[in-house]
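Overview (structure and organization)
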Amino acid sequence: AGYLARLLINEAPFPGEHGYESEADTRSAMFEILWVLHSRIHFIPKGYTQWQVAGVRSAEIIDVITGTGGRRQCEGFYRNASGQFVTAPRAEERLNHLLKIANSGGKPGRFAGLLNYAQGLARAYFRDGIDGASRFAGLKQVGQVQVTGRAYSWMTDINNYHPGGNFVSIPPADEGSLGGNRFFTLRKTPK
């Protein structure tokens with residue numbers, strides 16, 4: 001759960017960072033990132049294999065996070081030669097910086113609230129599974145393109161970032177941009 005929480009914290013913006021809009025937006029981004037990972041295990045659309053969508057064949061969320069070789073959804077999260085879960089130094093530095101801010105001052109504030117939310121979400125996932133519906137589950141069309149619904153990838157929300165292939169960018173009208181991230185669904189019929 002701690003490794004998953006590190007990922008959620010690392011992938012979502014905190015106050016003062018690029019992409020930060022509100023606590024609610026950051027929490028929504030964390031929740032949808034969790035849904036992407038979960039969907040890459042449990043909701044592979046007809047016509048696709050898990051390998052095509054996630055770059056792995058596994059029922060374990062840690063395998064989806066760490067991937068194999070260079071095929072990773074989550075840059076900076078991998079297994080070392082001994083198979084241990086590792087985070088890149090830059091991710092650990094950011095986490096330590098956020099913890100320092102959260103622990104400074106008196107009563108818990110926004111930083112502590114967001115850190116606690118990520119930890120609670122990760123613990124709840126491992127204890128009880130995912131709860132609540134993905135906001136993208138019912139998405140059937142983006143422009144003229146028929147899509148599968150659900151998000152299967154996310155990247156920094158910059159126009160020139162795209163996972164390629166059969167991934168389709170979820171537009172702002174469908175809340176496809178959360179916490180500085182752009183979420184992607186899949187074409188209903190693979191190319």
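The preceding data block contains the structure.
Residues numbered from 1 in each chain as written. Predicted model: local features only at pLDDT ≥ 70, side-chain atom pairs only at ≥ 80, totals over all residues. Heavy atoms only, no water.

Comments concerning the pairing of strand 8 (residues 181-186)
Rules: Exposure categories follow from relative accessible area, calculated using a 1.4 Å probe and restricted to protein chains: below 20% of the type maximum is buried, above 50% is exposed, and the middle band is partly exposed. Put simply, DSSP marks the helices as runs of H or I at least four residues long and the strands as runs of E at least two long, and each gets a number from the N terminus on. In this description, strands pair whenever DSSP reports at least two bridges between them.
In terms of residue burial, strand 8 counts as a mostly covered element, since six of its six residues are buried. Taking every second residue as pointing to the same face, both faces of strand 8 are buried, with Asn181, Phe183 and Thr185 on one and Arg182, Phe184 and Leu186 on the other. As paired elements, strand 5 (residues 153-156) and strand 8 share four bridges and run antiparallel to each other. Across the sheet, Trp154 pairs through a bridge with Phe183, a residue of strand 8. The pairing of strand 7 (residues 177-178) with strand 8 spans two bridges and is antiparallel. When the sheet's bridge partners are listed, Ser177 is paired in strand 8 with Arg182. Counted along the chain from strand 7 to the antiparallel partner strand 8, the turn is two residues long, and its residue Gly179 has a positive phi close to 55°.

Digging into the packing of aromatic side chains
Just so we agree on the cut-off: Centres within 6.5 Å make a pair out of two Phe, Tyr or Trp rings, where for Trp the six-membered ring is used; the pair is then stacked when the planes are under 30 degrees apart, edge-to-face when over 60, and tilted otherwise.
This structure, assessed with the given rule, holds six aromatic pairs. Consider the rings of Tyr3 and Phe77, whose centres lie 5.5 Å apart with planes at 70°: the pair is edge-to-face. With Tyr3 in helix 1 (residues 2-11) and Phe77 in strand 1 (residues 77-79), the pair connects residues that are 74 residues apart, well separated along the chain. Residue class for Phe77 comes out buried when judged on its relative accessible area of 1%.

Looking at empty space enclosed by the protein
Definition in use: For each structure, a 1 Å grid was placed over the protein atoms alone; sets of points admitting a 1.4 Å probe that cannot get out are labelled cavities, open sets with protein on both sides within 12 Å along at least five of seven lines are labelled pockets, and lining residues have an atom within 4 Å of a point. Grid points are joined across faces, edges and corners, and a volume is the space filled by probe spheres set on the points.
Here the structure, examined in full by the defined rule, presents one cavity of 30 Å³ or more. Lining the largest cavity are Arg6, Ile9, Asn10, Phe77, Thr87, Ala91, Glu92, Arg94, Leu95 and Leu98.

Examining the nonpolar core
We apply this condition: We define a nonpolar core as any set of buried Ala, Val, Leu, Ile, Met, Phe, Trp, Tyr and Cys residues linked to one another through side-chain atoms lying within 4.5 Å. Pairs of residues are marked as contacts when any of their non-hydrogen atoms sit within 4.5 Å.
Among the nonpolar cores identified, the biggest contains 49 residues, and Leu4, Leu37, Ile61, Ile65 and Phe183 are the most heavily contacted of them. Broken down by secondary-structure element, the contributors of at least two residues to this core are helix 1, helix 2 (23-42), helix 4 (61-66), helix 5 (89-103) and helix 6 (110-128). Counting residues per element, this core draws most heavily on helix 2, at nine residues. Other than its neighbours up to four places away in sequence, Leu4 contacts Leu34, Leu37, Ile61, Ile65, Ala122, Tyr125 and Phe126.

Structural notes on the side chain of Arg94
Selection criterion: Under this definition, polar contacts are N or O atom pairs within 3.5 Å; protein pairs additionally need one hydrogen-donor-capable and one acceptor-capable atom, and for neighbouring residues in sequence, both atoms have to be side-chain atoms.
Summarising the element assignment, Arg94 is placed in helix 5. Given the relative accessible area of 17%, Arg94 is considered buried. From its side chain, Arg94 meets the backbone oxygen of Ile9 in a polar contact 2.6 Å long.

Remarks on helix 6
Formally: Helix span is expected to be 1.5 Å times the residue number reduced by one.
Taking 1.5 Å per residue as the helical rise, helix 6 with its 19 residues ought to reach 27 Å, and the 26 Å between its terminal C-alpha atoms agrees with that figure. When helix 6 is considered as a whole, its buried residues turn out to be Phe111, Ala112, Leu114, Leu115, Ala118, Leu121, Ala122 and Tyr125. Considering only its buried residues, helix 6 is in contact with helix 1, helix 2, helix 4 and helix 5. Where helix 6 ends, the next residue or the one after it, Gly129, has phi of about 85°, a positive value.

Observations regarding the packing of helix 1 against helix 5
When two helices pack together, their arrangement is captured by the angle between the axes and the distance separating the axes. To be explicit about the condition: Axis lines are fitted through C-alpha atoms, for helices just across the contact stretch, and the angle between N-to-C directions can take any value from 0 to 180 degrees. An angle counts as roughly parallel when it lies under 35 degrees, as roughly antiparallel when it exceeds 145, as roughly perpendicular when it falls between 65 and 115, and as oblique in every other case. Only Asp, Glu, Lys and Arg are considered charged in this grouping, and only Ala, Val, Leu, Ile, Met, Phe, Trp, Tyr, Cys and Pro are considered nonpolar; every other residue, Gly among them, is considered polar.
Between helix 1 and helix 5, whose axes approach to 10 Å, the crossing angle comes to 80°. Classified by the angle their axes make, helix 1 and helix 5 are roughly perpendicular. Residue-level inspection shows Arg6, Ile9 and Asn10 of helix 1 in contact with helix 5, the latter providing Arg90, Ala91, Glu92, Arg94, Leu95 and Leu98. Looking at the contact of helix 1 with helix 5 residue by residue, the classes come out as four nonpolar, one polar and four charged.

Some points on the packing of helix 1 against helix 2
Applicable threshold: The crossing is said to be left-handed when, going from far helix to near helix, the turn is anticlockwise and less than a right angle, and right-handed when the turn is clockwise.
Direction vectors running N to C along helix 1 and helix 2 enclose 125°, while the axes themselves pass 9 Å from each other. What the angle tells us is that helix 1 and helix 2 run oblique. For the pair helix 1 and helix 2, the sense of crossing is right-handed. Residues Leu4, Leu7, Leu8, Ile9 and Glu11 of helix 1 pack against Met30, Ile33, Leu34 and Leu37 of helix 2.

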